[in-house]
Amino acid sequence: MKRMFRLIVIPIFGLLFFTTACEPDPSTYMGLVQDPNYYHEVHQNLTDIIVYDIFSPPQASRIYAYPNIAAYEVLAQAHEGYQSLAGQLHELTPVPAPKAGSDISMPLAALEAFMVVGRALIFSEQKQMDFRNKMVADLQAKGVPSSVLKRSFAYGQEVAAHILAWADKDNYKQTRTFPRFSVNTDDPSRWTPTPPDYMDGIEPHWNKIRPFIIDSATQFIPIPPTAYDMSEGSLFHQEVLEVYEAVNGLDKEKTEIAEFWDCNPFVTHHKGHVMYATKKITPGGHWIGITKITCKKANADLMETINTYTRTSIALADAFISCWDEKYRSNLIRPQTVINKFIDEDWNPLLQTPPFPEYTSGHSVISTAAAITLTDLYGESFPFIDSTEVRYGLTARTFDSFLDASSEAAISRLYGGIHYMPAISQGVEQGKKVGNYVVENLVTKQQ
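An account of the accompanying structure is given in this report. (Residues numbered from 1 in each chain as written. Predicted model: local features only at pLDDT ≥ 70, side-chain atom pairs only at ≥ 80, totals over all residues. Heavy atoms only, no water.)

### Some points on the packing of helix α2 (residues 36-53) against helix α5 (residues 125-141)
Our working rule: As a rule, the C-alpha atoms of each element are fitted with a line to give its axis, helices using only the stretch in contact, and angles between N-to-C directions run from 0 to 180 degrees. Each helix is a run of H or I in the DSSP string that is no shorter than four residues. Each strand is a run of E no shorter than two, and both are numbered from the N terminus. Here roughly perpendicular refers to angles of 65 to 115 degrees, roughly parallel to angles under 35, roughly antiparallel to angles over 145, and oblique to all remaining angles. Handedness of a helix crossing follows the sense of rotation of the near helix relative to the far helix, less than a right angle counterclockwise being left-handed and clockwise being right-handed. Residue contacts are counted whenever heavy atoms from the two residues lie within 4.5 Å of one another. Under the grouping applied here, Gly and all other residues not named as nonpolar or charged are polar, the nonpolar ones being Ala, Val, Leu, Ile, Met, Phe, Trp, Tyr, Cys and Pro and the charged ones Asp, Glu, Lys and Arg.
Their axes nearest at 10 Å, the elements α2 and α5 cross at an angle of 165 degrees. The angle between α2 and α5 falls in the class roughly antiparallel. At the point where α2 passes α5, the crossing takes the right-handed sense. In this structure, α2 contributes Tyr 38, Glu 41, Val 42, Asn 45, Ile 49 and Tyr 52 to the contact, and α5 contributes Lys 127, Gln 128, Phe 131, Met 135, Asp 138 and Leu 139. Here the residues of the contact of α2 with α5 are counted per class, giving 7 nonpolar, 2 polar and 3 charged.

Here it is as structure tokens:
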């Protein structure tokens, strides 16, 4: 499990070799530091490390949220019309303001705040430091004075310390000590570990994590899943057969859809006595990738970019908290377990069944919440090419809107053979409620 995070303040003096006695006019480098591509790059670096470190989907959503909030709180101070998240997000107090008269670059401070917070939440800290050092060298080579970097990074570290102290109270470290999920073998409707690795249930206590904007993990409890009943003709039996027949009847298009939205961070492959694994982005990571594509297509400036990432990451994080609360309450058995027992012992789903209960569908919940958040910012009609999965060997797909993409993400779980339809349809409804709540109750840019 992830060790307790801590603030790591890396002295920047060793990286910034020269302090100019006479700094150049800020206008010579101001446009450079306001380039949103630097923010996209630090995000991609964080995603790459999340994949490398194999964080679970709920954990990844938390890792995305806190660095974005830190960056937002820095930069919002320099942009009229943007409002602090203090007093809006649970227990967040105002970050320290820059010292009077301090000459700093808020965009650079925001980058550093993002990186310091992100580094405290991952395992592979050196990978991020290597990236940071290259970015610093690039900024220096392009004319950003070392003294400006030094002052700006110092303020970014100050804000990061404030955000990490707040994050430290979200109950994450306490849940690391809670007991593993106990499988109920006496009730045939309850989830049990699935092939091929029969892993323990992931994050059974995630509903104990402090939400960001929703009132609580239980605010949007969906209707219960269909009652377990494998008698011939029962509704549950029909839902099981629907999954079985959907996978058996897959065509090329549906197979591509399922694989495109798989987003399983750790898939194992077994050949005889040999096992190897492939790593991929999480569902939340996929939507962070869509956020990048959106900002680039819209030519969003740095503040708009940080605002978009922040709102989307908060929606994703709260959606995971809401969904995981239901997963371990209803604790429903997965299709593979039921089909292997009652219908076809040799049947396998197209996608590897992830290690947690079935209801509701996580991708349905979080994709819908993210899509609603992005729709609020960029409109109902926003065609885009989703190339997020190209780096993982898959072909890009084209969508007419964010909700078009989230609908495909949801139905992909049926094609993949890992969810019954109620988990998908009710997951979409749950995601709508979370997404709409974030849109209506989180104020960033004042109208």
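On we go from here.
### Here's the deal with the pairing of strand β1 (residues 266-271)
As a general feature of sheets, a regular strand has side chains that alternate between the two faces. Rules: Two strands pair if DSSP finds at least two bridges between them.
Looking at chain direction, β1 and strand β2 (residues 274-279) are connected through 6 bridges and run antiparallel. The partner of Val 267 across the bridge, within β2, is Thr 278.

### Some details on the pattern of salt bridges
Where we set the bar: Any Lys or Arg side-chain nitrogen found within 4 Å of a carboxyl oxygen on Asp or Glu counts as a salt bridge. Each residue is assigned to one of three classes by its accessible area relative to the maximum for its type, calculated with a 1.4 Å probe on protein chains only: buried under 20%, partly exposed between the two thresholds, exposed over 50%.
Going through the model one piece at a time under the given rule, you end up with 17 salt bridges. Here Asp 187 and Arg 190 are joined by a salt bridge, their closest N and O atoms 3.2 Å apart. Under the relative-accessibility criterion, Asp 187 is labelled partly exposed at 24%. On the basis of relative accessible area, Arg 190 is assigned to the partly exposed category, the value being 26%. Glu 408 is the partner of Arg 397 in a salt bridge, and the nearest nitrogen-oxygen pair spans 2.8 Å.

### Re the environment of Thr 305
Along the chain, Thr 305 turns up in helix α11 (residues 302-330). Once the C-alpha coordinates of Thr 305 and Ser 361 are considered, the two residues, 56 residues apart in sequence, prove to be 29 Å apart. Contact partners of Thr 305, with chain neighbours within four places excluded, come to Pro 36, Tyr 39, His 40, Cys 295 and Ala 300.

### Side note on the environment of Ser 84
Among the secondary structure elements, Ser 84 is positioned in the loop between α3 (57-75) and α4 (106-121). Using a relative accessible area of 31% as the deciding quantity, one classes Ser 84 as partly exposed. Sequence separation between Ser 84 and Asn 133 is 49 residues; the distance between their C-alpha atoms is 30 Å. In this structure Ser 84 touches Tyr 72 and Glu 73, once residues within four positions along its chain are discounted.

### With respect to the nonpolar core
Counted only if it meets this: Here, nonpolar core refers to any group of buried Ala, Val, Leu, Ile, Met, Phe, Trp, Tyr and Cys residues whose side-chain atoms link them within 4.5 Å.
In terms of nonpolar packing, the biggest core is built from 108 residues, with Leu 89, Ile 163 and Trp 287 touching the most fellow members. For this core, the element with the highest residue contribution is α11, accounting for 14 residues. Aside from chain neighbours lying at most four places away, what touches Trp 287 is Trp 261, Leu 316, His 363, Ile 366, Ser 367, Ala 370, Ala 371, Leu 374, Phe 402, Ala 405 and Ser 406.

### Observations concerning the packing of aromatic side chains
In plain terms, the rule: A pair of aromatic rings is counted whenever rings of Phe, Tyr or Trp (Trp by its six-membered ring) have centres within 6.5 Å, and the orientation is called stacked for planes under 30 degrees apart, edge-to-face for over 60 and tilted otherwise. Criterion for a charge above a ring: Arg CZ or Lys NZ at most 6 Å from the ring centre, at most 35 degrees from the ring normal.
This structure, assessed with the given rule, holds 22 aromatic pairs. Seen from their ring centres, Phe 181 and Trp 191 are 6.1 Å apart, and the 50 degrees between their planes marks the pair as tilted. Residue Phe 181 is found in the loop between α7 (172-175) and α8 (235-248), and its partner Trp 191 is found in the loop between α7 and α8; the two are separated by 10 residues along the sequence. Here Phe 181 matches Trp 191 in class, with each residue buried. Here the guanidinium or amino end of Arg 62 rests over the ring plane of Tyr 172, the centre of that ring lying 4.0 Å away. Above the plane of the ring of Tyr 52 lies Lys 127, whose end atom (NZ or CZ) is 4.2 Å from the centre.

### Re the packing of α2 against α11
Axis separation between α2 and α11 bottoms out at 8 Å; the angle between their running directions is 30 degrees. What the angle tells us is that α2 and α11 run roughly parallel. Judged by the sense of rotation from one axis to the other, the crossing of α2 with α11 is right-handed. Every residue of α11 that contacts α2 at Pro 36, Tyr 39, His 40 and His 43 is listed here: Leu 302, Thr 305, Ile 306 and Tyr 309.

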